[in-house]
Amino acid sequence: MVSAIVAVSPDWGIGDGKGMLYRLPGDLKYFRKVTLGHPVIMGRKTLQSFPGGKPLPGRENIVLTRDRSFTAEGVTVVHSVAALRRLVAARPDEHFFVIGGGEIYAKLLPDCDTCYVTMVETEAPIEASVFFPDLSKKRSWVMESASEAHTEENGAVYRFAVWRRRRTH
Ligand SMILES: NC(=O)c1ccc[n+]([C@@H]2O[C@H](COP(=O)([O-])OP(=O)(O)OC[C@H]3O[C@@H](n4cnc5c(N)ncnc54)[C@H](OP(=O)(O)O)[C@@H]3O)[C@@H](O)[C@H]2O)c1
């Protein structure tokens, strides 16, 4: 099974190309709780946006890059979406999480049936240049649930939503 997990601004912005748009400690805790113990899939740029470019602890970190010479300690490197799909198909009992960034979310959304979307209602303090596909504009996706609103010390208000792909009969 493959799911995506992401934090978005009101216009589905996710980053400025270097980092994320908000500092949301409550969301980081939620992200850790949901993904811990599961393999996480990311683009090379997202890995390099982490502190020290280091992989996330307690999870297998699978990184997509076209660079055949790329290596990083503690990381499983994959060079194409097709190779990634083979890896996922070979491990049917595992729950993989796509964790970004923009390029990788867009490429792997067709593989996902569930998206865990932290929906921030407060405008981002910096301008987004990287976006998640706007699920509210896709007929194939529906918001199944949303938590009550949480407020961070910096005033950002957000909800933890779960979006599901509609079943087609
Ligand atoms: N808000 C959130 O929840 C969230 C989550 C994660 C990231 N982000 C943000 O998203 C931004 C980064 O996103 P991004 O779109 O710039 O980069 P990205 O998706 O993290 O990584 C893009 C890289 O992935 C590799 N790649 C892409 N398609 C591939 C394919 N078909 N086969 C093999 N490798 C492939 C390429 O690496 P090479 O160039 O090495 O070939 C490409 O440069 C940052 O601002 C980050 O903070 C936000």
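Residues numbered from 1 in each chain as written. Predicted model: local features only at pLDDT ≥ 70, side-chain atom pairs only at ≥ 80, totals over all residues.

### Quick notes on the overall build of the protein
Right, on to step 1. A count of helices and strands for the protein gives 4 helices and 11 strands.
Right, on to step 2. The C-alpha atoms of the protein give a radius of gyration of 16 Å, which matches the 15 Å a tight globule of 169 residues would have.
Right, on to step 3. Taken along the three principal axes of its C-alpha coordinates, the protein extends 45 × 40 × 25 Å.
Right, on to step 4. Out of the 169 residues in the protein, the part that is buried amounts to 33%.
Right, on to step 5. A sequence separation of at least 24 residues applies to 66% of the contacts in the protein between residues at least 6 apart. (Helix = DSSP H or I, 4+ residues; strand = E, 2+ residues; numbered from the N terminus. Rg over C-alpha atoms; globule rule 2.2 N^0.38 Å. Buried ≥ 20, exposed ≤ 12 C-beta atoms within 10 Å, placed from the backbone. Contact = placed C-beta atoms within 7 Å.)

### Section: the site of the ligand
Right, on to step 1. The immediate surroundings of the ligand are formed by 31 residues, with Gly 15, Gly 43, Gly 100, Gly 101 and Gly 102 found nearest.
Right, on to step 2. Contributions of two or more residues to the shell around the ligand are made by β1 (2-8), β2 (13-15), β3 (40-43), α2 (44-49) and α4 (102-108).
Right, on to step 3. Residues that form the shell around the ligand fall into these classes: 11 nonpolar, 12 polar and 8 charged. (Near = placed C-beta within 6 Å. Nonpolar A, V, L, I, M, F, W, Y, C, P; charged D, E, K, R; others polar.)

### Examining the nonpolar core
Right, on to step 1. Counting 39 residues, the largest nonpolar core has Val 6, Ala 7, Val 8, Ile 14, Ile 41 and Val 98 as its most contacted members.
Right, on to step 2. Sorting the residues of this core by element identifies β1, β3, β4 (61-64), β6 (96-98), α4, β7 (114-120) and β11 (157-165) as the ones contributing at least two each.
Right, on to step 3. It is β1 that provides the largest number of residues to this core, a total of 6 residues.
Right, on to step 4. Once you skip the residues sitting within four places of it in the chain, Ile 14 turns out to touch Val 6, Ala 7, Val 8, Met 20, Leu 21, Gly 100, Gly 101, Gly 102, Ala 128, Val 130, Phe 131 and Phe 132. (Core = buried A, V, L, I, M, F, W, Y, C linked by C-beta atoms within 7 Å.)

### Re helix α1 (residues 25-35)
Right, on to step 1. Every buried residue belonging to α1 is among Asp 27, Phe 31 and Thr 35, and all of these are buried. For α1, the angular spread of buried residues about the axis comes to 55 degrees, placing them on one side. What points out from α1, more than 90 degrees from its buried face, is the exposed set Pro 25, Lys 29 and Lys 33.
Right, on to step 2. Residues of α1 that are buried in the fold lie against β1, β3, β6, β7 and β11.
Right, on to step 3. Phi turns positive, to about 85 degrees, at Gly 37, one or two residues after α1. (Arc of directions from axis to C-beta.)

### With respect to the pairing of β1
Right, on to step 1. Of all the 7 residues making up β1, 7 are buried; the element is thus mostly covered by neighbouring parts of the structure.
Right, on to step 2. Bridge count between β1 and β6: 3 bridges; the pairing is parallel. Residue pairing across strands places Ala 4 opposite Val 98, the latter belonging to β6.
Right, on to step 3. Pairing geometry for β1 and β7, over 6 bridges, is parallel. Counted as the bridge partner of Ile 5 is Tyr 116 from β7. (Pairing = 2+ DSSP bridges.)

### Quick notes on unusual backbone geometry
Right, on to step 1. The amide bond that connects Gly 100 to the next residue, Gly 101, takes the cis arrangement and shows omega of 0 degrees.
Right, on to step 2. Mapped onto the fold, Gly 101 is located in the loop between β6 and α4.
Right, on to step 3. Backbone geometry places Trp 12, a non-glycine residue, at a positive phi of 65 degrees.
Right, on to step 4. Following the sequence through the fold, Trp 12 ends up in the loop between β1 and β2.
Right, on to step 5. You can call Trp 12 partly exposed: it has 17 C-beta atoms within 10 Å.

### Overview of the confidence of the model for the protein
Right, on to step 1. Looking at the protein, the pLDDT average stands at 96 and 99% of residues meet or exceed 70.
Right, on to step 2. Per-element averaging of pLDDT across the protein places strand β10 (residues 150-151) at the bottom with 91 and β6 at the top with 99. (pLDDT = per-residue confidence, 0-100.)

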